[in-house]
Amino acid sequence: FVIGQDLVQIQPDQGVPHNLEFVVREDAEHDQWLYPCGLFDYIHLRLVVTCFDNPLKVVQNCFNNLEPGGWVEYHDFDVSKVVSDDGTTNGTALERWERFWSLGMAAFGRDISVPQLYKSMLIRAGFVDVTEVTFPVPTNSWPTDPKWKRIGRWQAENVPQGLAGASIRPLKKLGFSNAEIQEITSSAIRDWKDRNIHAYWVGKVVFGRKPFPNEIPQAA
C-alpha cells in the first residue's frame, strides 16, 4: 500500500490504483505523522530541496516513522550552482541568476545547497548503509551521449517553465524591481537553452536503512 503526501491538491482524480492513497495538508516537517498504516517500510522524497525550514528534522521524522530495516531515499538536485567542466558557464547570465536566486532563497531561510548534506544528515539521524549517488543533469541537449542528451532535452523544456515564477519572491527579497527580475530571468532562460553553454546541475540520490535494534549505527 502506497501513500502519497503533499501540501496542495495536485493529484489526479481518476485512474488512481486501488493500493494508492493521496494525503493532503499534513506537513512532513511540522505535523505529527499520523497514518493509519502505522510505521513505513519505505519513504521516498523527491525534489524537496526548497521545501523545509529544518531538513534535518524531516530526516529524523523519517527515521522515527520507519520500521526497523526500512529505507528512506532522497532524489534531488544540488541547485545551488550550475557547473560546467569546460568553463562555458563562467560569466553567463545563467550563473548570475543562480547567484541571486541562492542569495534570495537564503534570505527566506532556505539553503538550496542542502542536498550536499543529505548523506551526513542520514548518518546523524541513525541510518546505516547510507549511500550517495551523483550524476550530471544537463540544462539542454548539449551532451553527445544519447542518454544525457535525452535528459537534457527534457530539462530544456521543464526548468524554463518554472524558473521565472520561482525567482520572483527571492529576487524581490533582494530589492530587484519587476523589470530587473524580468531581465535576469529571461537572460538566464536564454542561456539555459544555449547548447554552447555546457551547464549542468548535480543530481543526487541518497538512501539509507533504519538499523535493527542490535545493529551499530554508521560512523559519520
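Criteria and cut-off values
- Residues numbered from 1 in each chain as written.
- Predicted model: local features only at pLDDT ≥ 70, side-chain atom pairs only at ≥ 80, totals over all residues.
- Heavy atoms only, no water.
- Axes fitted to C-alpha atoms, helices over the stretch in contact; angles between N-to-C directions.
- Helix = DSSP H or I, 4+ residues; strand = E, 2+ residues; numbered from the N terminus.
- Parallel < 35°, antiparallel > 145°, perpendicular 65-115°, else oblique.
- Left-handed = near helix turned anticlockwise from the far one by under 90°.
- Contact = heavy atoms within 4.5 Å.
- Nonpolar A, V, L, I, M, F, W, Y, C, P; charged D, E, K, R; others polar.
- Patch = residues over 30% accessible without salt bridge, like charges linked within 9 Å, V, L, I, M, F, W, Y side chains within 5 Å.
- Areas by Shrake-Rupley, 256 points an atom, 1.4 Å probe, with all protein chains shown as cover.
- Salt bridge = Lys/Arg side-chain N within 4 Å of Asp/Glu carboxyl O.
- Lys, Arg positive; Asp, Glu negative; His and termini not counted.
- Charge placed at Lys NZ, Arg CZ, Asp CG, Glu CD.
- 1 Å grid on protein atoms, 1.4 Å probe; cavity = no way out; pocket = protein on both sides within 12 Å on 5 of 7 lines; lining within 4 Å.
- Points joined across faces, edges and corners; volume = space filled by probe spheres on them.
- Buried < 20%, exposed > 50% of the residue type's maximum accessible area, 1.4 Å probe, protein only.
- Pairing = 2+ DSSP bridges.

Peer 1: Go over the packing of helix α2 (residues 93-107) against helix α4 (residues 146-173), please, and point to the residues and values.
Peer 2: Contact geometry for α2 and α4: axes closest at 8 Å, N-to-C directions at 60 degrees. Taken together, the axes of α2 and α4 lie oblique to each other. Read as a crossing pair, α2 and α4 show a hand that is left-handed. Counting all contacts with α2, which are made through Trp97, Phe100, Trp101, Gly104, Met105 and Ala107, the residues of α4 involved are Leu163, Ala166, Ser167, Pro170, Leu171 and Lys173. Split into classes, the residues belonging to the contact of α2 with α4 amount to nine nonpolar, two polar and one charged.

Peer 1: Describe the environment of Val128, with residues and values.
Peer 2: Along the chain, Val128 turns up in strand β5 (residues 128-138). For the pair formed by Val128 and Phe212, sequence separation is 84 residues and the distance between their alpha carbons is 9.7 Å.

Peer 1: Lay out a positive patch on the surface with the relevant residues and their values.
Peer 2: On the surface, Lys147, Arg150, Arg153 and Arg195 cluster together into a positively charged patch. Residue position: Arg150 is located in helix α4.

Peer 1: Account for empty space enclosed by the protein, naming residues and giving values.
Peer 2: Evaluated as defined, the whole model comprises one cavity of 30 Å³ or more. Residue lining of the largest cavity: Val48, Phe52, Pro55, Tyr74 and Tyr118, and that is the complete set. Along the lines of polarity and charge, the residues of the lining of the largest cavity split into five nonpolar, no polar and no charged.

Peer 1: Account for the pairing of strand β6 (residues 200-209), naming residues and giving values.
Peer 2: Counting buried positions over the ten residues of β6 gives eight, a clear majority of the element. Relative to β6, strand β4 (residues 66-83) runs antiparallel, the two sharing nine bridges. Across the sheet, residue Trp71 finds its bridge partner in β6, namely Arg209. As judged from the nine bridges shared by β5 and β6, these two strands associate in the antiparallel manner. In the sheet register, Pro136 faces β6, and the bridge partner there is Val202.

Peer 1: An account of helix α1 (residues 55-64) is requested, with residue identities and associated values reported.
Peer 2: Extensive coverage of α1 is indicated by the burial of seven of its ten residues. For α1, the full list of buried residues reads Pro55, Leu56, Val58, Val59, Asn61, Cys62 and Phe63. Check the buried side of α1 and you find it contacts β3 (40-46), β4 and α3 (118-125).

Peer 1: Can you tell me about the pattern of salt bridges, naming the residues and giving the values?
Peer 2: Two side chains bearing opposite charge may form a pair once their charged atoms approach each other closely. By the definition in use, this model includes six salt bridges. Between Asp53 and Arg110 there is a salt bridge, and its shortest N-O distance comes to 2.4 Å. On the criterion of sequence distance, the pair formed by Asp53 in the loop between β3 and α1 and Arg110 in the loop between α2 and α3 is long-range, its members being 57 residues apart. By relative accessible area, Arg110 is classed as buried at 17%. For Arg190, the salt bridge identified is with Asp191, shortest N-O distance 3.4 Å. Residue Asp191 is classed as buried on the basis of its relative accessible area, which comes to 6%. Counted as one network, the salt bridges with shared partners bring together Asp129, Arg209 and Glu215.

Peer 1: So what about the layout of surface pockets? Which residues, and what values?
Peer 2: Of the pockets and cavities examined, the second largest pocket occupies roughly 780 Å³. Surrounding the second largest pocket, 25 residues form its lining, Leu47, Val49, Phe77, Val79 and Trp201 being those nearest its centre. Taken together, the residues that form the lining of the second largest pocket break down as 16 nonpolar, six polar and three charged.

Fair warning: the whole summary comes from geometry, so function is off the table for now.
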